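Examination of the molecular architecture
Letter by letter, the chains look like this.
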Amino acid sequence: GQQVMQIPQYQHVQEGEDFTTYCNSSTTLSNIQWYKQRPGGHPVFLIQLVKSGEVKKQKRLTFQFGEAKKNSSLHITATQTTDVGTYFCAGPNAGNNRKLIWGLGTSLAVNP
Amino acid sequence: NAGVTQTPKFRILKIGQSMTLQCTQDMNHNYMYWYRQDPGMGLKLIYYSVGAGITDKGEVPNGYNVSRSTTEDFPLRLELAAPSQTSVYFCASTGGANQPQHFGDGTRLSIL
């Protein structure tokens, strides 16, 4: 069945280092969404990418959607302790776009 | 706006007991979802609804029931609680397919 895979599963960085997480779909996606979940919290929507090759920035966060619309990445420049959490990508279920297919997330730890 | 409100925040149940997790949203969203998240894992869809009177199963519906009598409310019923249902339960809502999902704070449920 349709899958969305994220790598790495975990990442530890020193504060100030960059961080990238990758999201790969088994099918072409009409769009991809990114969420952040702080420890003990709930997922919070960050951004949605729709167009092939799209790049969007939010301060130190850069999101990319691949040309084939099957992969995406989130890059954080100069991580801060406030970036700690798990980052999830999710795309529409190909057979039923009322549901999202979620990646398992990348957990980011930042050492001060 | 309160967004998505879940009650209770925490609950301990004994095996075989039943309970209802409450979820209400004030954003007039048609789509609502119930997810469970086991420690260190991603989100698994239990049930979802695209409008009042309409519900559908997700990936892991066994042991759960839902109803959607109003646009605002989407309660999740656990019958005959089992230890395997120990998890964090998130309710989410969205205005439609391919739109961001808004999550409640979650209900942390332990079954002993």
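I will try to describe carefully the structure that is included in this document.

Turning our eyes to something else, we now look at the overall build of chain B. Across its full length, chain B holds zero helices and 11 strands. Secondary structure elements of chain B, listed N to C terminal, follow the sequence β-β-β-β-β-β-β-β-β-β-β. Taking 13 Å as the expected radius of gyration for a compact globule of 112 residues, we find that chain B reaches 13 Å, a close match to that expectation. Seen through its C-alpha atoms, chain B measures out along the principal axes to roughly 35 × 25 × 25 Å. Burial analysis of chain B (112 residues in total) assigns 47% to the buried set. Across chain B, the fraction of contacts at a sequence separation of at least 24, relative to all contacts at a separation of at least 6, is 54%. As displayed, chain B has an accessible area near 5,100 Å², and 51% of this comes from carbon and sulfur atoms. In chain B, which carries 9 positive and 8 negative side-chain charges, the distance between the mean positions of the two groups comes to 9 Å.

On to the pattern of salt bridges, then. Evaluated as defined, the whole model comprises five salt bridges over all chains. Among the salt bridges present, the one from Asp83(A) reaches Arg60(A), with a minimum N-O distance of 2.9 Å. Here Asp83(A) is found in the loop between strand 8 (71-76) and strand 9 (85-93), whereas its partner Arg60(A) is found in the loop between strand 6 (55-58) and strand 7 (61-65), with 23 residues between them in sequence. Taking the relative accessible area as the measure of exposure, Asp83(A) reaches 5% and is therefore buried. Linking Arg77(B) and Glu79(B) is a salt bridge whose minimum nitrogen-to-oxygen distance equals 3.2 Å.

On to the pairing of strand 6 of chain A, then. All names here are of chain A. Taken together, the four bridges between strand 6 and strand 7 define a ladder with antiparallel strand orientation. Across the sheet, Val55 pairs through a bridge with Gln64, a residue of strand 7. Counted between consecutive antiparallel strands, the loop separating strand 6 from strand 7 contains two residues, among which Lys59 sits at a positive phi close to 55 degrees.

It is worth spelling out the nonpolar core at this point. The biggest cluster of nonpolar side chains holds 20 residues, and the ones touching the most others in it are Ile32(A), Trp34(A) and Phe63(A). Elements with a contribution of two residues or more to this core: strand 3 (19-25), strand 4 (32-37), strand 5 (44-49), strand 7, strand 8, strand 9 and strand 11 (106-111) of chain A. Ranked by size, the runner-up nonpolar core spans 19 residues in total, among them Cys23(B), Tyr64(B), Leu78(B) and Ile111(B).

Residues and elements named next belong to chain A. As summarised here, the arrangement of the five strands in space is 1-3-8-7-6, forming an open sheet in which the pairing is antiparallel. Of all the strands in the sheet, the pair left with one neighbour each is strand 1 (4-7) and strand 6. For this sheet, the mean angle separating the axes of adjacent strands, direction not counted, is 15 degrees. Bridge count for strand 3 against strand 8 is six bridges, and the pairing is antiparallel. The partner of Asn24 across the bridge, within strand 8, is Asn71.

A separate point is unusual backbone geometry. Between Ile7(A) and Pro8(A) the backbone carries a cis peptide bond, its omega angle lying at -5 degrees. Examined against the element boundaries, Pro8(A) turns out to sit in the loop between strand 1 and strand 2 (10-14). Note the cis peptide between Thr7(B) and Pro8(B), where omega equals -5 degrees. Relative to the assigned elements, Pro8(B) resides in the loop between strand 1 (4-7) and strand 2 (10-13). Of note in the backbone geometry, Lys59(A) takes a positive phi value of approximately 55 degrees without being a glycine. By the element assignment, Lys59(A) lies in the loop between strand 6 and strand 7. Residue class for Lys59(A) comes out exposed when judged on its relative accessible area of 86%. Phi at Asn98(B) takes a positive value of approximately 65 degrees, unusual for a residue other than glycine.

Cut-off values and rules
Throughout, residues of each chain are indexed from 1 in the direction in which the sequence is written. Each chain takes a letter, starting from A, and each ligand takes a number, starting from 1, following the order in which they are written. Given that this is a predicted model, residues contribute local features only at a pLDDT of at least 70 and side-chain atom pairs are listed and counted only at 80 or more, while totals for whole chains, interfaces and linings are drawn from all residues. By convention in this description, side-chain values take in all heavy atoms of the structure and omit both hydrogens and water. Starting at the N terminus, helices and strands are each numbered in turn, a helix being any DSSP run of H or I of at least four residues and a strand any DSSP run of E of at least two. As a reference, a globule follows 2.2 Å times the number of residues to the power 0.38, and the radius of gyration itself is taken over C-alpha atoms. Note on exposure labels: buried denotes an accessible area under 20% of the residue type's maximum, exposed denotes more than 50%, and partly exposed covers the range between, all computed with a 1.4 Å probe on protein chains only. Only heavy atoms enter the contact rule, under which two residues are in contact if any of them lie within 4.5 Å. In these tables, accessible area is a Shrake-Rupley quantity obtained with a 1.4 Å probe, and a residue counts as shielded only by the protein chains included in the view. Only four residue types enter the tally: Lys and Arg on the positive side, Asp and Glu on the negative side, with His and both chain ends excluded. By convention, the charge on Lys lies at NZ, on Arg at CZ, on Asp at CG and on Glu at CD. Each salt bridge in this description consists of a side-chain nitrogen of Lys or Arg and a carboxyl oxygen of Asp or Glu lying within 4 Å of one another. For two strands to be treated as a pair, DSSP must find at least two bridges joining them. In these notes, a set of buried Ala, Val, Leu, Ile, Met, Phe, Trp, Tyr and Cys residues joined through side-chain atoms within 4.5 Å is what counts as a nonpolar core. Angular values range over 0 to 180 degrees, each being the angle between N-to-C directions of two axes fitted as lines to C-alpha atoms, with helices fitted over their stretch in contact.

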